[in-house]
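These are the residues of each chain, in order.
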Amino acid sequence: MKPISRRRLITAGVAATAGVAGLAVAARMAGRNGLVPPACRGTLGVGDSLTYAAQRVLTAHSLAREFSRDMISKAPFANEIAPPNDAFKKQQASGFVDWRLSVEGLVAHPGLYSISELKGLPAKSHITEIACEEGWSYIAEWIGTPLYEVLNAAGALPQARYVAYFSSDKDWWDSIDMADAMHPQTLLAWGMNDGDLPVPFGGPLRMRVPRQLGYKNVKFINRILVTDSVKRLGSGAGSPEPDFGYSWYAGI
Amino acid sequence: MLAGPRHAALVRATHWITVVCFFALLITGGEIVISHPRFYWGETGNVNTTPLFALHIPSSRDTVPTGFGYVMPDQNGWSRSLHFEAAWVAVLTGLVYGLWGLASGHFKKEIVPATADRSWRALGAVIARYLRRAPTDGGEARRYNAVQKIAYMAVIFILFPLVIWTGLALSPAFDSAVPIAVNALGGRQSARTLHFFVSGALVIFLVAHVLMVALSGFRVRMGAMITGRAATPAAMPEERI
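Note that this is a predicted model, so its numbers are computed, not measured. (Residues numbered from 1 in each chain as written. Chains lettered and ligands numbered in written order. Predicted model: local features only at pLDDT ≥ 70, side-chain atom pairs only at ≥ 80, totals over all residues.)

**Some points on the overall build of chain B**
Across its full length, chain B carries 9 helices and 2 strands. Along the longest, intermediate and shortest principal axes, the C-alpha atoms of chain B span 65 × 40 × 35 Å. Here chain B holds 241 residues, and the buried ones make up 28% of them. Summarising the internal contacts of chain B: among those between residues at least 6 apart in sequence, 65% fall at separations of at least 24. (Helix = DSSP H or I, 4+ residues; strand = E, 2+ residues; numbered from the N terminus. Buried ≥ 20, exposed ≤ 12 C-beta atoms within 10 Å, placed from the backbone. Contact = placed C-beta atoms within 7 Å.)

What follows is the structure in structure tokens.
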């Protein structure tokens, strides 16, 4: 073993200090520019955070791929859903006329929206692919009210950083950052392939985030919450998915 | 006496980091496949469509018709996170190795076959020696023969870039920014199927690679990749290629 020279020791010390300082500055800058996901848990959180930061930079202005009408899947697969509760069944029997979307949190005008009121806002549709983290996928035309229309109508406040959305099944909710919430393709979908959104596919109302995988596209939405932090929701990770080991961000 | 190490320190470090990443990617990739052991061609595919082929293994989802009467435990959460974390480390390591390989002349000197070896005749001669299990001329401990170089070139310049490309094409966000990444492969499901096959090719390489190391002198070859020390012909008298 060779003795370490003084010069080498000093060089190594300076390099290590610069490295640590550089990382600290990078972390601060990433935090300021919205490149840090809400929960970065354990060793595996490092990779998830790196992916989130890289994809936020890469996808700042990107649109999910859209397909031609003849690419719409003839046999889309509706992933299994928990048996709907009695309250849901009652709503379903009456054609969801009493279904309300509650818009809450950091908005100037909180309120309740019926499906027909949502349809009264400017609507949008896109033919996009929904891909499950398991590997399967299908293409459908999704018709709905862009989430930004609802946020603008409700007057989302400038300190808003996340939009959390809740299903009629109380254990099923998720959240997205403002980049995805204000994205032109993010829809509160109430239609699919020229008809009402069928219940197995999330009807009457489903969050459709086409740049993220299927599990961010929560079904049966009845509440959205605009917030500056997701720490107080559930276990604080922005979604129940991280409790099962899944990443909050699902762009990959 | 032979000057310099058999493998440069950077080659040894990046090799072993890649080994760790490869096993992490292989295990977690396998876990992810178990959640949907069916493969399709084109843009879309699900249990309502005919697969290109299906693996005859149980699944971790009860929605997949496997013919097995039970469902495996779901390991996708940590598997996905570890898969992408290992991919980050592997890609960054590969980037360091690739840039160094170009700058140092490592690719030119040690990976790309010499002009004289670029003929079917020269390759045939090497293969014939393998088949006869003929003793080496001693130089094998210091440099790769043309067949080895071609195998390493295929892994470094074809399989690794392909596995990264097909993997990135499975990210809906990445595809929104770089749609050609998935479109050029014929769609999302084609990309997934190709990712599986390229990974299979890498596993075949791994098996052959480890087998050859074992056959040609496991301790000496491992020593060369760990400490960098090259074995002199005298130290491995019974070596065969």
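**Examining the overall build of chain A**
When its secondary structure is counted, chain A shows 6 helices and 10 strands. For chain A, the spread of C-alpha atoms along the principal axes amounts to about 80 × 40 × 35 Å. The buried share of chain A, reckoned over its 252 residues, is 44%. Intrachain contacts of chain A at a sequence separation of at least 6 include 67% that bridge at least 24 residues.

**Observations regarding unusual backbone geometry**
Residue and element names in this part refer to chain A. With an omega of 10°, the peptide bond running from Gly203 to Pro204 counts as cis. Its identity as a non-glycine residue notwithstanding, Asp194 has a phi of 70°, on the positive side. For Asp194, the position within the fold is in the loop between strand E7 (187-192) and strand E8 (195-196).

**Topic: the nonpolar core**
The nonpolar side chains of a soluble globular protein tend to be buried with one another. Val163, Ala164, Tyr165, Leu188 and Ile221 of chain A are the most contacted members of the largest nonpolar core, which has 58 residues in total. Residue contacts for Val163 of chain A: discarding those within four places in its chain leaves Leu147, Ser175, Ile176, Ala181, Ile224 and Val226 of chain A. One finds Ile252 of chain A together with Cys21, Leu82 and Ala86 of chain B within the second-largest nonpolar core, a separate group that totals 11 residues. (Core = buried A, V, L, I, M, F, W, Y, C linked by C-beta atoms within 7 Å.)

**Side note on the environment of Ala8 of chain B**
By the element assignment, Ala8 of chain B lies in the segment before helix H1 (9-34). When the C-alpha atoms of Ala8 of chain B and Ile111 of chain B are compared, they prove to be 13 Å apart, with 103 residues separating the residues in sequence.

**A closer look at the interface of chain A and chain B**
The interface of chain A with chain B comprises 37 residues on the first partner and 31 residues on the second. Only helix H2 (42-58), strand E3 (124-131) and strand E4 (137-146) of chain A provide two or more residues apiece to the side of chain A that touches chain B. Considering every element that reaches the side of chain A that touches chain B, the biggest residue donor is H2 of chain A, with 8 residues. Of the residues in the side of chain A that touches chain B, the class split is 17 nonpolar, 13 polar and 7 charged. (Nonpolar A, V, L, I, M, F, W, Y, C, P; charged D, E, K, R; others polar.)

**Side note on the pairing of strand E1 (residues 100-105) of chain A**
All names here are of chain A. With 4 bridges joining them, E1 and strand E2 (residues 111-114) adopt antiparallel strand pairing. Each bridged residue has a counterpart across the sheet, and for Val103 the counterpart in E2 is Gly111. A loop of 5 residues connects E1 with E2, the two strands running antiparallel in sequence. Alignment of E1 against strand E10 (residues 221-227), held across 4 bridges, turns out to be parallel. Directly across from Glu104, in E10, lies its bridge partner Leu225. (Pairing = 2+ DSSP bridges.)

**Let's talk about helix H2 (residues 76-104) of chain B**
Taking 1.5 Å as the rise per residue, H2 of chain B with 29 residues should run 42 Å; its terminal C-alpha atoms sit 40 Å apart, in good agreement. At the exit of H2 of chain B stands Gly105 of chain B, carrying a positive phi of roughly 85°. (Expected span 1.5 Å × (residues − 1).)

**What to know about helix H8 (residues 188-215) of chain B**
With 28 residues, H8 of chain B extends 41 Å between its outermost C-alpha atoms, agreeing within 8% with the 40 Å of an ideal straight helix rising 1.5 Å per residue. Residues of H8 of chain B that are buried include every one of Arg188, Gln189, Ser190, Ala191, Arg192, Thr193, Leu194, His195, Val198 and Ser199 of chain B, and no others. Summarising the contacts, the buried residues of H8 of chain B are in contact with E3 and E4 of chain A together with H1, strand E1 (38-39), helix H5 (146-168) and helix H7 (180-183) of chain B.

**Focus: the sheet that holds E2 of chain A**
Residue and element names in this part refer to chain A. Read from one edge of the open sheet, 5 strands run E2-E1-E10-E5-E6, paired in mixed fashion. Looking along the sheet, the strands with just one partner apiece sit at the ends: E2 and strand E6 (173-177). Shown here is a sheet whose adjacent strand axes are inclined to one another by a mean of 20°, direction ignored. (Axes fitted to C-alpha atoms, helices over the stretch in contact; angles between N-to-C directions.)

**Focus on the environment of Leu162 of chain B**
Secondary-structure assignment places Leu162 of chain B in helix H5. Spatially, the C-alpha atoms of Leu162 of chain B and Leu131 of chain B are 31 Å apart, while their sequence positions differ by 31 residues.

**As for the confidence of the model for chain B**
Residues and elements named next belong to chain B. With 91% of its residues at a pLDDT of 70 or more, chain B has an overall mean of 91. A low-confidence stretch, residues 234-241 (pLDDT under 50), is modelled with 16 contacts involving residues beyond four sequence positions or located in other chains. Scored by ipTM, the complex comes to 0.90, with pTM at 0.91. (pLDDT = per-residue confidence, 0-100.)

**Some words on the packing of H2 of chain A against H2 of chain B**
Two numbers describe how H2 of chain A lies on H2 of chain B: the axes approach to 8 Å, and their chain directions differ by 70°. When the axes of H2 of chain A and H2 of chain B are compared, the pair comes out roughly perpendicular. H2 of chain B is crossed by H2 of chain A, and the crossing has left-handed handedness. Where H2 of chain A approaches H2 of chain B, its residues Leu44, Val46, Gly47, Asp48, Leu50 and Thr51 of chain A are matched on the opposing element by Trp78, Ser81, Leu82, Phe84, Glu85 and Trp88 of chain B. Within the contact of H2 of chain A with H2 of chain B, the residues separate by chemical class into 7 nonpolar, 3 polar and 2 charged. (Parallel < 35°, antiparallel > 145°, perpendicular 65-115°, else oblique. Left-handed = near helix turned anticlockwise from the far one by under 90°.)

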